[in-house]
Structure formats: C-alpha cells, structure tokens
Amino acid sequence: TKTLENNDDQIPWGSLKYLIGEAMYGGRVTDDFDRRVLVCYLNEYMGDFIFDTNQKFFFSQAGFDYQICEDGPLKSYLDSINELPLMNSPEVFGLHANAEISYFNNMANNIWDNLISMQASDASSGGGINREEHIEGVANDIQEKIPELFDEFNIRKDIGTPMPTQVVLLQELERFNKLIAKISQSLHDLKRALHGEIGMSSELDELATSLYNGFLPNMWRRLAPKTEKKLGSWMNHFTRRFKQYDKWVEHEPVVMWLSGLHIPESYLTALVQTTCRAKGWALDKSTLYTVVTHMTKPEEATKKLEQGSYISGLYLEGARWNIENECLAKQVPKELVTEMPILQIIPVEANKLKLRSSLKTPCYVTQQRKNAMGEGLVFEADLKTTEHVSHWVLQGVALVLNTDF
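Residues numbered from 1 in each chain as written. Predicted model: local features only at pLDDT ≥ 70, side-chain atom pairs only at ≥ 80, totals over all residues. Heavy atoms only, no water.

**Student:** What exactly am I supposed to notice about the overall build of the protein chain here?
**Tutor:** Within the protein chain, the secondary structure is distributed over 13 helices and 13 strands. Counting only C-alpha atoms and orienting by the principal axes, one finds that the protein chain spans roughly 85 × 65 × 40 Å. Residues counted as buried form 39% of the 405 residues belonging to the protein chain. A sequence separation of at least 24 residues applies to 66% of the contacts in the protein chain between residues at least 6 apart. Side-chain charges in the protein chain split into 41 positive and 55 negative, and the spacing between the mean points of these groups amounts to 5 Å. (Helix = DSSP H or I, 4+ residues; strand = E, 2+ residues; numbered from the N terminus. Buried < 20%, exposed > 50% of the residue type's maximum accessible area, 1.4 Å probe, protein only. Contact = heavy atoms within 4.5 Å. Lys, Arg positive; Asp, Glu negative; His and termini not counted. Charge placed at Lys NZ, Arg CZ, Asp CG, Glu CD.)

Shown next, in the form of structure tokens:
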C-alpha cells in the first residue's frame, strides 16, 4: 500500500516474502520441509518476472493459460476470473498427475475401511462360517507364525561390551519380544473368551473385531513400528523383521533392511558414533550423507562397509530413480511408488560435506509423512538431480520406509 501511495516503481518483494513466508503463515508451519514448500511457492510466483513484458509469465499452462490479468476496468478482471476452470489439475500446483490418483486412492480406501467397520457384528463370512469361527481361524493362523522369544540374557552375555550398533540390536530385540509376548497372550485370551472360559473385555472385543475385519489391532499397533498396513501385509512385514533380527544376532547384515527396525534413526546414529570413535571425530560435528548405488538386491553386496552401511527398503514418491543416469527422473504415469536401489550411508565431518546438484529428501516412516513431535521423520537423503531443486520440492518428492500395501 505504501509503495502505491508513494508511487514507488520498486515492489518490496523481499519484505512481502518474509511477511507471508515467515510471519503470517511461516509461524504456523512448524515442519522444516513444509516451510521449504511454502518458501518455494513464494519464490516461484512472486517477483518482478511476473510483470516482464519481454517474456510473458504463466503461473501454469496445464490445460489453461494461468496468467496475470491485463490492466483495465473492473469488468475485465471479473471476466478473467470467470474464465478460470472450475476444476484444476495437480500440474497447476507443480505436482505430477499421479498425485490426483493417490488422493482418490486414499479417499476410496478410507471409505472402504469405514464401510467394513460399520458392518454388522453378527454377519457371517463367505462359505457359511460364522463370525466366531472366522476369528478363531485367523487367530490360529497367526499363532502358527509367532516365533519364540529371543533369549536376551544369553545374547547380551555373548556380546559382552556392545558396540553402538549392537546396543541398537539389544534395544530392538527388547521391543520385539514385548510385541511377541503381547500377540501371544492376547490371542490366547481371545480364544478362551470365544469358548466362554473368560469374559470378553473391551480390549479383546476390539481385537476380535480387528481380526474379523482384517485390520491391525490397536493393542499390537502400540508396540510395533508406525504403519498403515492391513493385517495380512503387516504379518508378512512382522515375519521378515524376525528373520533379520535372527540373522543379526549372529552377525550384522551387510545390507540393513531399514524398514524392519522399530526405531531406524537409532541405527543411523549408531553408524555415526562408530565412525567417530574409530577416527576421533567430534560427534556433534559429524553427520551422514547418502549415495545411491547400482545394486537393486541385497545379495549383490558381498562385503560389509568398514564405515557406514548399506540400507534397503526405501520407496520413492513424487519421482522415480533413473539408474542409468544416477539421478531423479519424472514419474511414470500411474506408477505411484517406486522402490529405490540400495543406498550407502556414509558418516562424514559436517564441515567437509560439500554437495552440488543434490536434493535434501526427507525420509518418513509411512506414506502419511507425519512428523509430529519429532516422530515420523527418519533422516534426510541426498539424491542427485539435473533439474532445479524447486521442481522436485513442488512435485512432493519424499522417501518412505513402509508403503500402505
């Protein structure tokens, strides 16, 4: 307003960006990567370039030319507004068309989950089996897959003085044992309740409903890593976690399946601690960076790294990885999530880390990308790009450890 009143030709874009990005909206955005998106929009759409007469500026040309209205009477502005499409495609906001497919998939899944939850409790499943028989059958199937508890005492005894990564192993085994014990005890109590030997508590009733609907019970979810998987795929994930822990007790895996850890960031921190001890670095001045390898299967890595580690189990959203060119590339239509090749985690002193043409990519536990109270964000991966960083920021590029399916 002051610029207009003073007939100043220079618009204070810097002040406007700071006021909008840091004061008005930035103060409400607590996540650093959310703020990066906000600032990116401001840098893309606010500046003298939008009034450039030599090269016309378009906010987007995805199906319609979104541009600044020509100067004129009020009616010309109203006509320009009325010409705008009622429906906007994701490309208008810098997203890929796949983003719309993901949105509709999520909405459809939510509706379907709610419909399943609302079904009558006395409904029978296919084949004429009643509800109780179906629940008991599912419980029996799960009990057959439940492994024995890990012998924490003897494992600690065999390790002796643990290294940082071995401390992580012991912590993971302790949490996994609690989960195994909870599953075993709850299923045992549920079967007794179904037979009328004990009363059906509210927790057991919720467990029975979850097993019947194919959902992960909340009493198990509280002791497991964050996930959006349904019960069937979660059990496959659970079994694979056990196999990795079982091998890790003998020796640390050459390629760590990061998705199988309860607190994956603790393992990455342990890698940095191990390197700092070996090289005498200050822990608070050390960090890590990532390199994407050409290996797509863990079997291809035959030797463990002396410093750092190979990790697998990461999925890329908002882009795909071009193995030939070793960089980010545009998504293939209808291919919403792609599995990343094996990544190499490399600890390094922070003041010696110099990266170019690289995108700081957040890695979240689930596709919900929640980072509440510091939980959900695992680490930041460095992915090579030939495009400007803002292109991938607006595409919503991120890594996740667990897909919803």
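**Student:** Where do I start with a nonpolar patch on the surface in this structure?
**Tutor:** On the surface, a cluster of nonpolar side chains totalling about 470 Å² of accessible area is made up of Leu-74, Tyr-77, Leu-78, Ile-81 and Leu-84. Examined against the element boundaries, Ile-81 turns out to sit in helix α4 (residues 74–83). Residue class for Ile-81 comes out exposed when judged on its relative accessible area of 51%. (Patch = residues over 30% accessible without salt bridge, like charges linked within 9 Å, V, L, I, M, F, W, Y side chains within 5 Å. Areas by Shrake-Rupley, 256 points an atom, 1.4 Å probe, with all protein chains shown as cover. Salt bridge = Lys/Arg side-chain N within 4 Å of Asp/Glu carboxyl O.)

**Student:** What is the right way to look at the packing of aromatic side chains in this model?
**Tutor:** In this description, a pair of aromatic rings is defined by centroid distance and the angle of the planes. A complete count under the given rule lists 13 aromatic pairs for this structure. Plain terms: the ring middles of Phe-64 and Tyr-66 are 5.2 Å apart, the flat faces sit at 75 degrees to each other, and that makes the pair edge-to-face. Judged by relative accessible area, Phe-64 falls into the partly exposed class, the value being 25%. An aromatic cluster of three or more residues is present, and its members are Phe-150, Phe-176, Trp-220, Trp-234, Phe-238, Phe-242 and Tyr-245. Sitting over the ring of Tyr-212, Arg-131 keeps its end group 5.3 Å from the ring centre. (Phe/Tyr/Trp six-rings, centres within 6.5 Å; stacked < 30°, edge-to-face > 60°. Lys NZ or Arg CZ within 6 Å of the ring centre and 35° of its normal.)

**Student:** Help me understand the nonpolar core in this model?
**Tutor:** In a soluble, globular protein the nonpolar side chains are often hidden away together inside. Ile-142, Leu-211, Trp-220, Trp-234, Leu-314 and Phe-379 are the most contacted members of the largest nonpolar core, which has 68 residues in total. Looking at this core element by element, the count peaks at 11 residues for helix α8 (residues 164–194). Residues contacting Leu-211, with those up to four places away along its chain left out, are His-134, Ile-135, Val-138, Ala-139, Ile-142, Leu-187, Leu-190, Pro-217, Trp-220 and Leu-231. In terms of nonpolar packing, the next biggest core, distinct from the first, is built from six residues, Ala-301, Leu-305, Tyr-310 and Ile-342 among them. (Core = buried A, V, L, I, M, F, W, Y, C linked by side-chain atoms within 4.5 Å.)

**Student:** Even after reading the chapter, I still don't get unusual backbone geometry, so can you show me in this structure?
**Tutor:** The phi torsion of most residues other than glycine is negative, and most of the peptide bonds are trans. If you check the backbone angles, Glu-326 has positive phi at about 55 degrees while not being a glycine. Since its relative accessible area comes to 32%, Glu-326 is described here as partly exposed. Within the chain, Ser-357 stands out as a residue other than glycine whose phi angle is a positive 50 degrees. Examined against the element boundaries, Ser-357 turns out to sit in the loop between β10 (343–349) and β11 (358–366).

**Student:** Just to check I follow, could you spell out the state of the cysteines for this structure?
**Tutor:** By definition, a disulfide links two cysteine residues through a covalent bond between their sulfur atoms. Enumeration over the complete set of coordinates arrives at zero disulfides. Cys-40 provides the cysteine sulfur closest to Cys-327, a residue in no disulfide bond, and the two sulfurs are 19 Å apart. By relative accessible area, Cys-327 is classed as buried at 6%. (Disulfide = S-S within 2.5 Å.)

**Student:** How should a negative patch on the surface be read in this particular structure?
**Tutor:** A cluster of like negative charges, contributed by Asp-151, Asp-158, Asp-246 and Glu-250, occupies part of the molecular surface. Structurally, the position occupied by Asp-158 is in helix α7 (residues 152–159).

**Student:** Help me out: how do you make sense of the packing of α8 against helix α9 (residues 202–213) in this one?
**Tutor:** Running from N to C, α8 and α9 point in directions that differ by 95 degrees, and their axes come no closer than 10 Å. When the axis of α8 is compared with that of α9, the two are roughly perpendicular. Of α9, the residues touching α8 (which contributes Ser-186, Leu-187, Asp-189, Leu-190 and Ala-193) are Leu-204, Leu-207, Ala-208 and Leu-211. The class makeup of the residues in the contact of α8 with α9 is seven nonpolar, one polar and one charged. (Axes fitted to C-alpha atoms, helices over the stretch in contact; angles between N-to-C directions. Parallel < 35°, antiparallel > 145°, perpendicular 65-115°, else oblique. Nonpolar A, V, L, I, M, F, W, Y, C, P; charged D, E, K, R; others polar.)

**Student:** Before we go on, may I ask you to explain the sheet that holds strand β6 (residues 315–317) in this structure?
**Tutor:** Across a sheet, strands are paired by hydrogen bonds formed along the backbone, either parallel or antiparallel in direction. The sheet built from five strands is open, its strands ordered β9-β6-β13-β11-β12 with mixed pairing. Looking at the sheet topology across the chains shown, the edges are occupied by β9 (337–339) and β12 (377–384). In this sheet, neighbouring strand axes are inclined to one another by 35 degrees on average, regardless of whether the strands run parallel or antiparallel. Strand direction decides the pairing type here: β6 and strand β13 (residues 398–402), joined by three bridges, are antiparallel. Across the sheet, Tyr-315 pairs through a bridge with Val-400, a residue of β13. (Pairing = 2+ DSSP bridges.)

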